[in-house]
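One-letter residues, chain by chain:
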Amino acid sequence: QVQLVESGGGLVQAGGSLRLSCAASGSFFSINAMGWYRQAPGKQRELVATINSGGSTNYADSVKGRFTISRDSAKNTVYLQMNSLKPEDTAVYYCNALVLVNPWGDALDAWGQGTLVTVST
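This write-up is about the structure you can find in this document. All values reported here derive from a predicted model rather than from experimental measurement.

### Regarding the state of the cysteines
Throughout this description, disulfide means a covalent bond between two cysteine sulfur atoms.
Piece 1. Taken as a whole and judged by the stated rule, the model has one disulfide.
Piece 2. At a sulfur-sulfur separation of 2.0 Å, the disulfide partner of Cys22 is Cys95. Its S-S torsion of approximately -80 degrees makes the covalent link between Cys22 and Cys95 left-handed. Within this pair, whereas Cys22 is found in strand 3 (residues 18-26), its partner Cys95 is found in strand 9 (residues 91-100), the two being separated by 73 residues in sequence.

### Quick notes on the side chain of Arg38
Piece 1. Note on placement: Arg38 falls in strand 4 (residues 30-39).
Piece 2. Engagement of the side chain of Arg38 in a polar contact is seen with the side chain of Ser62, the distance being 3.4 Å.
Piece 3. Side-chain polar atoms of Arg38 contact the side chain of Tyr93, separated by 2.9 Å.
Piece 4. In contact with Arg38, not counting residues within four places along its chain, are Gln44, Arg45, Glu46, Val48, Ser62, Val63, Phe67, Glu88, Asp89, Ala91, Val92 and Tyr93.

### Focus on the side chain of Glu6
Piece 1. Tracing the chain through its elements places Glu6 in strand 1 (residues 2-7).
Piece 2. In this structure, Glu6 is buried with no salt-bridge partner, the nearest side chain bearing the opposite charge being Arg45 at 7.7 Å.
Piece 3. A distance of 3.1 Å separates a polar atom in the side chain of Glu6 from the backbone nitrogen of Gln113.
Piece 4. Engagement of the side chain of Glu6 in a polar contact is seen with the backbone nitrogen of Gly114, the distance being 2.7 Å.
Piece 5. Sequence-distant contacts of Glu6, that is, excluding residues within four places in its chain, are made with Ser21, Cys22, Trp36, Tyr93, Tyr94, Cys95, Gly112, Gln113, Gly114 and Thr115.

Calculation rules
Residues numbered from 1 in each chain as written. Predicted model: local features only at pLDDT ≥ 70, side-chain atom pairs only at ≥ 80, totals over all residues. Heavy atoms only, no water. Disulfide = S-S within 2.5 Å. Helix = DSSP H or I, 4+ residues; strand = E, 2+ residues; numbered from the N terminus. Polar contact = N/O pair within 3.5 Å; in protein donor to acceptor, adjacent residues only side chain to side chain. Contact = heavy atoms within 4.5 Å. Buried < 20%, exposed > 50% of the residue type's maximum accessible area, 1.4 Å probe, protein only. Lys, Arg positive; Asp, Glu negative; His and termini not counted. Salt bridge = Lys/Arg side-chain N within 4 Å of Asp/Glu carboxyl O.

This is how it looks when you write it as structure tokens:
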């Protein structure tokens, strides 16, 4: 079983910064891609950023140039540095990981419980 635990959410004024962290724990072989998604009130969950095991990144157009995703593979941790935050960034942010449970390629899609980010005007 895999657990993803997020931290770092909170209330920040527009233009401010926050750093989210997500640590994976449990019994697994390795972690492939990790990423962040968000869900604003009344909206569907959307991709924010992903990073694969090789370090390649992908960002939603709405956060390019403001958010940076990174990972520490030794710690099974992914980070999201969020700068120049806007009120429209307000959402619950969820960590996601594609986890390989054995060397033969069996994988599962793990999600964290979510952390709330609120950006005030």
